[in-house]
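Residue-level structure breakdown
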Amino acid sequence: MESSVHYIELSKNPIRFDAVSQLTNVFFDDSNKQIFAVRSGGATGVVVKGPTEDKVISFCMSDRGGAIRSIKFSPDNQVLAVQRRENSVEFICFQGDQPQLQNVIVHQVKALVYGFVWVHNRECALICNSGVEIFTVIPEKNQVKSIKTMSMSIKWFAWCSEANIAVLCTTDSQNSLIPVLIKQKSITKLPKLELGNSTREIQESKVTLGQIYGVMAVLILQPSSSGMIEVEVYLLNGPGLAPRKCHVLRLGLVGRFAINTVDNLIVVHHQASATSLLFDISLSGEVVNDVTYHTPITAGRSVRPFALKLPSLLPDGQILQCELYSTNWVLFQPNIVIDAKLGCMWYLHLDIETLCTLISDRIRLTEFLLQRVNGKSALLKVLRQLVCEQYNGSFLPVLETIFNKINTVYASWVQIQLQNQMAQPSNVKTTPRLLVPPKVLIEQIDMHSQVFQSIAEKPQCETILLLYLQSLCKHNIAAQEEFSKMLIDELIRNKSFDTLRRLVEYSLLMESKAIACYLLSHSNEDCAVSQVALNMLNKIKANEIVIEVLLGQGKVVDALRLAINTTELERISARKFLEAAQKSKNDITFYSVFKFFQMRNMKQHGSMDFLKNEQCYEFVQHYNNLYNNTSTVHSP
């Protein structure tokens, strides 16, 4: 594979902002995903952009002395928090998108403020060297009110806005970190994260927080016994459970690293080699003492080169080739790359199509794609290639495993839907609980239309369809109409009538009038197909259709016997059966049917004659001609 292949790329339209200069400072709020370009301490303007290019707030504020250390909007963008000094934070209320500079609220503490985070529109948390404090900003009273405090000696902290969790490094121990859940009006200390017997003090720059597969994760860069750097992954598995080292990512490199998370994948950037390594903790790896050791999904590669169009008087503008893995790059979670000197903020994206070409193990690729947000179309394409290009007998076990992995997800989704339907009482009008489907859900209709149609009437089609049906049965998933019809077509085309009969006998195909009639439409292929159709109709008790089929086959007595067993006598149409008996050109059959209806007439209205509305005059005549009889038709 050529080195020009890239599986990670920067967003095509970066958010542009005023670059860092002697007059301009740049700040980023990872909670709101907003970037602040502050000129002259705000006196000559502040421009806020993000999380998209079209979201822009511009305003001026007074320079109250002291360089700005941090600046963040409340979630509703109506209160701006600014830290200029090490022991205070000031709050500026907004009317619309403009600040009310006459009422600046200053909150001062007797501690060293490391930083602050917004936990609600009017609630902010300060993390200081002496602990954590939550307070409410009250604009109408021009004051703040303390709500909750937690005392603790803190060296530094890291914040995960997705989970509202801060990880604190305390002065009490260098071998542990303390996660704290900070929410509205509450601070909850969680079980500590034990780092083992390491003698090295963990540095803030080595710790990254994020959510992976819905679980809060603490990622720590650590040297291994071989001297190479590894990433230890601690998961906060649930309330009351201590964070545990569950995974280790083997980088096989030394030097400076930075980490992003993209679509539940961990992306480790290595500056010296200008490459990025991709890890998926959902995939299997080497397990040692309940810890799974992972190697990269594929060889490390560079981020795709990015060219930036610069303003110019020339019609075509100027094109600047951006320096990748620049020393000016700063990474934020989950997938943000900022070059403050260039004035660009990108989102990092995966190129799924390229990754599919780099992962040769198709089973592992299936496991990988089933977990990706945009993995469905890529996985269907992989399946098409498998059944079309790489088919051979020895490849069937691989295909079987892939079908089982797809249908495991499919079966779980079907089960959830059934449980949701059963939970809704039929006599109570309630809104069903919103169901969130899995990231990649491949149903039978997808397989039929986008995979199996590509091999219709090819030699391998029947075998592959039966393999898929076997997987459906294994997962207790009923075959649907379109798939059943396609399998019927292939079995009939290949004259596999015994297989067709067994599938119907064991109810492995969809059982419906539509499928039975579809089988009947192919009855001219072989009498076995007609019998299979009748077997299915009998199983689903479609007696009216069975009677019509038997009459069409000239089996009038069998049809009449079934009608007698399933229909009230007065509702049986004498004309229909007599007409079929006459067409059979079997006098004994006609005689038997005619005599049956004569006896029925006697039982119903005391005469063997037919009622006029039964329209049986021609059959009476036929009987009289055969046997010189004088039967008649009565008026009703």
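Up top you'll find the structure we're talking about.
What you see is a predicted model, and the numbers here were worked out from it, not measured in a lab.

**Remarks on the side chain of Thr24**
Relative to the helices and strands, Thr24 is located in strand β3 (residues 24–29). Among residues more than four places away in sequence, those in contact with Thr24 are Asp18, Ala19, Ala37, Val38 and Arg39.

**Focus on the sheet that holds strand β20 (residues 207–212)**
Strand order in this open sheet of 6 strands is β20-β21-β22-β23-β28-β27, and the pairing throughout is mixed. With partners counted over all chains shown, the strands left at the sheet margins are β20 and β27 (286–288), one partner each. Adjacent strand axes in the sheet meet at a mean angle of 25°, parallel and antiparallel pairs treated alike. Judged from the 6 bridges that link them, β20 and strand β21 (residues 215–223) form a sheet pairing that is antiparallel. Bridging from a neighbouring strand, Ile212 pairs with Val215 of β21.

**Concerning the sheet that holds strand β8 (residues 79–85)**
Across the sheet, which stays open at both edges, the 4 strands sit in the order β7-β8-β9-β10 with antiparallel pairing between neighbours. The outermost strands of the open sheet, each flanked by one partner alone, are β7 (70–73) and β10 (98–108). For this sheet the average axis-to-axis angle between neighbouring strands, irrespective of direction, equals 20°. The pairing of β8 with strand β9 (residues 88–95) spans 5 bridges and is classified as antiparallel. Across the sheet, residue Leu80 finds its bridge partner in β9, namely Ile92.

**Description of the nonpolar core**
Residues Leu383, Phe452, Phe577 and Leu578 are the most contacted members of the largest nonpolar core, which totals 111 residues. Among the elements that make up this core, the one with the highest residue count is helix α4 (residues 396–422) (8 residues). Excluding residues that lie within four positions of it along the chain, Leu383 makes contacts with Ile402, Phe403, Ile406, Ile442, Met447 and Val451.

**Details of the environment of Leu383**
Tracing the sequence through the fold places Leu383 in helix α3 (residues 375–388). Taking C-alpha positions, Leu383 is 8.8 Å from Met447, a pair spaced 64 residues apart along the chain.

**So, unusual backbone geometry**
The peptide bond linking Gly50 to Pro51 adopts the cis configuration, its omega dihedral lying at 5°. Counting through the fold element by element, Pro51 comes out in the loop between β5 (46–49) and β6 (56–59). Geometrically, the link from Gln333 to Pro334 is a cis peptide bond, its omega value of 0° lying close to zero. Phi at Lys185 is positive, roughly 65°, even though this residue is not glycine. Looking at the element boundaries, Lys185 is found in the loop between β17 (176–183) and β18 (186–189). Notably, Gln615 is not glycine yet its phi reads approximately 55°, a positive angle.

**Overview of helix α8 (residues 497–505)**
Listed in full, the buried residues belonging to α8 are Phe497, Leu500, Leu503 and Val504. In a view along the axis of α8, the buried residues occupy a sector of 120°, so they form one face of it. Residues of α8 that are buried in the fold lie against α6 (461–474), α7 (481–493), α9 (513–520) and α10 (527–539). Ser507 occupies a position one or two residues after α8 and carries a positive phi of about 60°.

Procedures and definitions
- Residues numbered from 1 in each chain as written.
- Predicted model: local features only at pLDDT ≥ 70, side-chain atom pairs only at ≥ 80, totals over all residues.
- Heavy atoms only, no water.
- Helix = DSSP H or I, 4+ residues; strand = E, 2+ residues; numbered from the N terminus.
- Contact = heavy atoms within 4.5 Å.
- Pairing = 2+ DSSP bridges.
- Axes fitted to C-alpha atoms, helices over the stretch in contact; angles between N-to-C directions.
- Core = buried A, V, L, I, M, F, W, Y, C linked by side-chain atoms within 4.5 Å.
- Buried < 20%, exposed > 50% of the residue type's maximum accessible area, 1.4 Å probe, protein only.
- Arc of directions from axis to C-beta.

By themselves, these are just geometric observations and shouldn't be taken as functional.
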